[in-house]
Amino acid sequence: NLLMLAKNIPVFQTKSFMIGFPIIFILDDLFYGVFHKTLHYKRIYPWIHKRHHTIAEPYAGYWHASMEHPFEMLGGLLIHYFVLNILIALNCLDITSMVTHLFLKAILSIANHTGTGIDTWFFSNRTHFEHHKYRNCYFTQYNKLDFMIESVGGLFLKIFDHVAEMLKKELLVK
């Protein structure tokens, strides 16, 4: 869908950049936060996300940020693709918003793993340091939206637990 429509997406539109760019940033991080919280689920964590947390206090920027399982990378890209398709449906996307978001996403991901203290109204890498230290808080990357992740991600994981228990009982019965 996105690739087929790319030739019809404008390079820059004021409306798309002023409305679409913040929406990309918020939705991408919100969905990623739920995905990230799911990676911390006890049945998934040792297989996929544990490698990323071998460093309790990340300081080496890109090198520590990139210590992730290919499934994590694929999940992040699919979330980005999904969000872009939402914006296409809303007619609120331009190439400038997409490229700016990808650039900031990469830069802020590196900043999250530098060991420096950056704290702004929308981004704090201090929260990501706490996430690496305690591993049970601050699942978003950039936005201060973790209060939403706790409710949405918590509900998702309760459903996941319920389905896992149902499957376990079903397998034991047979």
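For the structure itself, look to the data block above.
Residues numbered from 1 in each chain as written. Predicted model: local features only at pLDDT ≥ 70, side-chain atom pairs only at ≥ 80, totals over all residues. Heavy atoms only, no water.

(A) A look at the nonpolar core. Membership of the largest hydrophobic core comes to 16 residues, with the highest contact counts inside it found for I24, L87 and L93. Elements represented by at least two residues in this core include exactly α2 (14-39) and α4 (70-89). Among the elements that line this core, the one with the most residues is α4, at five residues. Within the second largest apolar cluster, six residues are counted, among which are F21, A111, F123 and Y142. (Core = buried A, V, L, I, M, F, W, Y, C linked by side-chain atoms within 4.5 Å. Buried < 20%, exposed > 50% of the residue type's maximum accessible area, 1.4 Å probe, protein only. Helix = DSSP H or I, 4+ residues; strand = E, 2+ residues; numbered from the N terminus.)

(B) Structural view of the packing of aromatic side chains. A full pass over the atoms with the stated rule returns seven aromatic pairs. On the basis of an interplanar angle of 50° and a centroid distance of 5.8 Å, the ring pair of F21 and F25 is categorised as tilted. Here F21 pairs with F25, and both are found in helix α2, just four residues apart, close to one helical turn. Taken individually, F21 and F25 each receive the classification buried, so the pair is uniform in this respect. With centroids separated by 5.4 Å and ring planes inclined at 65°, the aromatic side chains of F31 and F82 adopt a geometry described as edge-to-face. Within this pair, whereas F31 is found in helix α2, its partner F82 is found in helix α4, the two being separated by 51 residues in sequence. What makes F31 partly exposed here is its relative accessible area of 30%. Classification of F82 by relative accessible area gives partly exposed; the value is 45%. Members of the aromatic cluster, connected to one another through ring pairs, are F12, F17, F21 and F25. (Phe/Tyr/Trp six-rings, centres within 6.5 Å; stacked < 30°, edge-to-face > 60°.)

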